[in-house]
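Report on the structure
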Amino acid sequence: MKLVLAIDTSTPAVTAGVVADGELLAERVTVDARAHAERITPNVLAALADASRSMADLGAVVVGCGPGPFTGLRVGMATASAYGHALGIPVYGVCSLDAIGVQTSGETLVVTDARRREIYWARYRDGVRIDGPAVSAPADVDAGGARAVAGSPDHASRFGLPVVEPVYPNSVGLVAVVDWSLPPNALVPLYLRRPDAKTLVERQAAP
């Protein structure tokens, strides 16, 4: 039985969970968009304690790579990489929207908050992504044949479709979208747009 640590910091939910053979053993979630760095390690340790497991029991780490804000993604991915390096175990990066979409049925639109009055979105059919991920203003998103919306409730309600769970990427969904038959690729964050922070050269070049 491979014990997997799942981490996601692509949304305001700071999520850490322990999954074995697709079954959730324990999960800790803190919903605070400003607490990614402060809460991720305590949540990991608490989830392991809740599952009566230790770091030494882990066989792999799965981390959501976005799309999401620059700072949040950096915290989660750096944490996952550190655990993988320290423990000598593989680290798999997955699309955070897929972790929500894989738990839906029929044709579903998944949305999360991208700030700047925009959303990150993708469309799924029976859990498989068929469009996206992308970042757009809600009015510019084509729901296509979607019959429901999952993800951020504040944004999902704008589409006039039934809102379904999950609201945030969770541990079971993160692990479910990993292709375990393949070796892990290098972690690549899905920013989908440039970060708010600019280098000195970029600031000097701006009009």
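What you see is a predicted model; the values in this text were computed from it and never measured.

Comments concerning the nonpolar core
In terms of nonpolar packing, the biggest core is built from 24 residues, with Leu 5, Ile 7, Ile 40, Val 44, Val 61 and Val 63 touching the most fellow members. Elements represented by at least two residues in this core include exactly strand E1 (3–8), strand E2 (13–20), helix H1 (36–50), strand E4 (60–64) and helix H2 (70–87). The leading source of residues in this core is H2, at five residues. Setting aside its immediate chain neighbours within four residues, Val 44 contacts Leu 5, Ile 7, Ala 16, Met 55 and Tyr 83. In terms of nonpolar packing, the next biggest core, distinct from the first, is built from 11 residues, Ala 6, Tyr 92, Val 94 and Ala 99 among them.

Considerations on the UniProt feature "domain: Gcp-like" (unreviewed entry) in the protein
As recorded in UniProt, the feature "domain: Gcp-like" (unreviewed entry) lies at residues 33–128. For the annotated span residues 33–128, helix accounts for 41% and strand for 28% of the residues, and the straight-line distance between the end C-alpha atoms is 28 Å.

Side note on H1
Taking 1.5 Å per residue as the helical rise, H1 with its 15 residues ought to reach 21 Å, and the 20 Å between its terminal C-alpha atoms agrees with that figure. Among the residues of H1, His 36, Ile 40, Asn 43, Val 44, Ala 46, Ala 47 and Leu 48 are the ones counted as buried. Buried residues in H1 make contact with E1, E2, strand E3 (23–31) and H2. Directly beyond the C-terminal end of H1, a positive phi value near 55 degrees is found at Ser 52.

The rules behind the values
Each chain carries its own residue numbering, running from 1 in the direction its sequence is written. Local features in this predicted model are restricted to residues whose pLDDT is 70 or higher, and side-chain atom pairs enter the listing and the counts only when it is 80 or higher, whereas totals over whole chains, interfaces and linings include all residues. Side-chain measures here rest on the full set of heavy atoms in the structure, leaving out hydrogens and waters. Nonpolar cores are built from buried Ala, Val, Leu, Ile, Met, Phe, Trp, Tyr and Cys residues. Side-chain atoms within 4.5 Å join them into one set. Only protein chains enter the accessibility calculation, which uses a 1.4 Å probe; a residue whose area is less than 20% of its type maximum is buried, one above 50% is exposed, and one in between is partly exposed. Every helix listed is a DSSP run of H or I at least four residues long, and every strand listed is a run of E at least two residues long, numbered separately from the N terminus. Should any heavy atoms of two residues lie within 4.5 Å, those residues are counted as being in contact. UniProt positions are given in the numbering used here, feature names are shortened, and annotations may be inferred rather than shown by experiment. Multiplying one less than the number of residues by 1.5 Å gives the expected span of a helix.

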